[in-house]
Amino acid sequence: MPFNPTPYIVFDGERVQCDADLIGTAPLALAGIKVDWGRDDYISHSRPGTAQLSILDRTGTWAEKVTAKSVIGRRISLHWEHTASGTSQRWFAGRVTGAVARPASTPGAWIISITAAAKDADMGNIVMSPGTWPTETMITRANRIATAAAPAEIEAFYFYPGSVNIQCWPLDIKGRDLHSLADEFYMSMGDTYSYHPHTNVVRHLYRRSYAVNIFLVQMPDGLVYVQASNINYDSQVYKGTGLPGCETSTDEGIQLAPNSVVTRVQVGWKEAPSGGTDVTTVVQTSEGDTNGRRTVQFTSWIDNGVHIDPMVTEVLARGQYEGALPKHPPVTWDTRRTHGFHSQAEAEVFTLAAETQGAVYISGSIYSAWLPNIVPVAAIIGGTIEYDGGWIIRTTLQYIWKTNATAQVIWNDLDQALHWRTNATHELASSVTWNDFRYLTHPGVYLPS
């Protein structure tokens, strides 16, 4: 059976009804929810997610809210629930930033079109008072950011554990907005970050190189698909899953961006041992400017070259590995054709408006077949999530540099019940191709985790 959860809206602490029988007594949520989220490339910070949705009101409830100034700035969140399994997920959380009311075709009814921004957008409206953050550790800076972020109601800001006790130079924060300070904080360690609405925390995004296993998985529909393994990182488990090629589409091609294969990283910082002198640390590849210079430039709060040097080297490595891999075209998955996802894990991954450390295997892709030496394992770094009678997912993908070697799985070691035919014990889904077998790390068939 497909896993097809139903979305619902919570506005200002109250659930918005969707039962048409209640049209005369309560405002109703309409189909057509859409969330845009994420980032466009491996080195940029994610943009705060934005949501668009509509509510039908024939009771005058929203006219009263507008009159009482109870719309703009009010909390709004998007959830889904799956009654059969008793599971649910919050996949967007933020505040209303705008609304437009228009008369509906039904006499006396109005349609209110709402725009909302995710909680991390609130940080852009938090402007710091005059002052200077003194010399202190990264964990102290993180706590300062978390305290200042109280109006955004984000519970915690997590970052790379190895940077907790690294020291920062004094920082003048007068007139700075908290969003830009958060950008600098994470980039100081060579990282980007993402707000997670399901757990209401911000987490850093480490360089995308992992040991990823690739399995054959028999989904509840009885068919066998290919998916990536879970990723365990910083005491968290991020679910691996797969994108079924035959159920998805793309209108674009492989992209080689100007920042592909970074050749130079240039970081400005203040050195504590020399009394706060301005320093610029540069690291570049052995090819230098032979094939043009492609520079990543940023400021770090770290105040000692002992920690700056390995961080800058790591950022260059990221540009040489993750950044050097061409981007797989964005993929659109209209699950209305299959009446939902294949598993709960797929729903949790693809409907979450946040980037995680998780990985997705892209099966049946002609782009993967064209570049067979690039393992088709990617991170979902952005896109849109839409619900209009079913889930329509558009993903922005960034290949992960898979660090563990994939030994060829010997054909004779594969489960002998595998077949490309109808009603087989282990019937392979139409998205699984011969090319996908070259990347398997395990020959057996497993259940989804």
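Residues numbered from 1 in each chain as written. Predicted model: local features only at pLDDT ≥ 70, side-chain atom pairs only at ≥ 80, totals over all residues. Heavy atoms only, no water.

Participant: Break down the packing of aromatic side chains for me, with residues and values.
Facilitator: Centre-to-centre distance and the angle between the planes together describe a pair of aromatic rings. The final tally for this structure, using the stated rule, is 19 aromatic pairs. Taking 5.0 Å as the distance between ring centres and 80° as the angle between the ring planes, the aromatic pair formed by Phe185 and Tyr186 counts as edge-to-face. Grouping residues by exposure puts Phe185 and Tyr186 together as buried. Ring geometry for Phe215 and Tyr446: centres 5.2 Å apart, planes at 80°, overall edge-to-face. (Phe/Tyr/Trp six-rings, centres within 6.5 Å; stacked < 30°, edge-to-face > 60°. Buried < 20%, exposed > 50% of the residue type's maximum accessible area, 1.4 Å probe, protein only.)

Participant: Can you explain the side chain of Thr263? Please cite residues and give values.
Facilitator: Relative to the elements of secondary structure, Thr263 occurs in the loop between strand 22 (248-249) and strand 23 (264-271). Look past the residues within four positions of Thr263 in its chain and what remains in contact with it is Val283, Gln284, Thr285, Glu287, Gly288, Gly292, Arg293, Arg294 and Leu316. (Helix = DSSP H or I, 4+ residues; strand = E, 2+ residues; numbered from the N terminus. Contact = heavy atoms within 4.5 Å.)

Participant: Now, about the nonpolar core: what can you tell me, with residues and values included?
Facilitator: In terms of nonpolar packing, the biggest core is built from 86 residues, with Leu53, Leu78, Met138, Leu178, Phe185, Val265 and Trp301 touching the most fellow members. Sort the elements by how many residues they give to this core and helix 3 (residues 178-187) lands first, with 6 residues. Within the second largest apolar cluster, 31 residues are counted, among which are Ile231, Val375, Ile400 and Ala429. (Core = buried A, V, L, I, M, F, W, Y, C linked by side-chain atoms within 4.5 Å.)

Participant: Quick one: what's the story with empty space enclosed by the protein, residue by residue and with numbers?
Facilitator: Enumeration according to the criterion identifies 4 cavities of 30 Å³ or more in this entry. Estimated volume of the largest cavity: approximately 100 Å³. Taken together, 15 residues form the lining of the largest cavity, with Gly49, Ala118, Asp120, Tyr195 and Ala353 sitting closest to its centre. The element that contributes the greatest number of residues to the lining of the largest cavity is strand 5 (residues 47-57), accounting for 3 residues. Classifying every residue of the lining of the largest cavity by side-chain character gives 9 nonpolar, 4 polar and 2 charged. (1 Å grid on protein atoms, 1.4 Å probe; cavity = no way out; pocket = protein on both sides within 12 Å on 5 of 7 lines; lining within 4 Å. Points joined across faces, edges and corners; volume = space filled by probe spheres on them. Nonpolar A, V, L, I, M, F, W, Y, C, P; charged D, E, K, R; others polar.)

Without other data, these values stay purely geometric and don't point to any function.
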